[in-house]
Amino acid sequence: MPTTEQAPKRIVRCRYLRQNDERCTGEVLDPAADVLLCVKHTARVVEHARATYERFRREAKR
């Protein structure tokens, strides 16, 4: 039975750039996504979006 060797999957790294222009080295959540972020930076985006939504929601009630 012939064996077929598969190339190892390429690890795609986070595209986040820190303030000192260093790139984050975390592995991305979804390599096929449009936005390539690791778990840490995806969580920060979600927290920021949630805080912004809550702020606009509070201001709309005024």
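Preceding this section is the structure that the text describes.
**Q** What's the story with the state of the cysteines in this structure? I'm lost.
**A** Under the definition given, this model contains 0 disulfides. Lacking any disulfide linkage, Cys 14 is separated from the closest cysteine sulfur, that of Cys 38, by 3.8 Å. By relative accessible area, which is 0% here, Cys 14 ends up buried. You can see Cys 38 has no disulfide; the closest cysteine sulfur is in Cys 24, sitting 3.8 Å from it.

**Q** What is the right way to look at the pattern of salt bridges in this model?
**A** Side chains carrying opposite charge are able to pair once their charged atoms draw close together. Enumeration over the complete set of coordinates arrives at 2 salt bridges. Residue Glu 22 pairs with Arg 18 through a salt bridge whose shortest N-O separation is 3.8 Å. Across the pair Glu 54 and Arg 57 runs a salt bridge whose closest N-O atoms are separated by 3.3 Å. A residue pair is termed a helical-turn pair when its members lie 3 or 4 positions apart in one helix, as Glu 54 and Arg 57 do in helix α1 (residues 39-60) at 3 residues. Among the residues examined, Glu 54 registers a relative accessible area of 29% and is labelled partly exposed. For Arg 57, a relative accessible area of 39% puts it in the partly exposed group.

Quick notes on the rules
- Residues numbered from 1 in each chain as written.
- Predicted model: local features only at pLDDT ≥ 70, side-chain atom pairs only at ≥ 80, totals over all residues.
- Heavy atoms only, no water.
- Disulfide = S-S within 2.5 Å.
- Buried < 20%, exposed > 50% of the residue type's maximum accessible area, 1.4 Å probe, protein only.
- Salt bridge = Lys/Arg side-chain N within 4 Å of Asp/Glu carboxyl O.
- Helix = DSSP H or I, 4+ residues; strand = E, 2+ residues; numbered from the N terminus.

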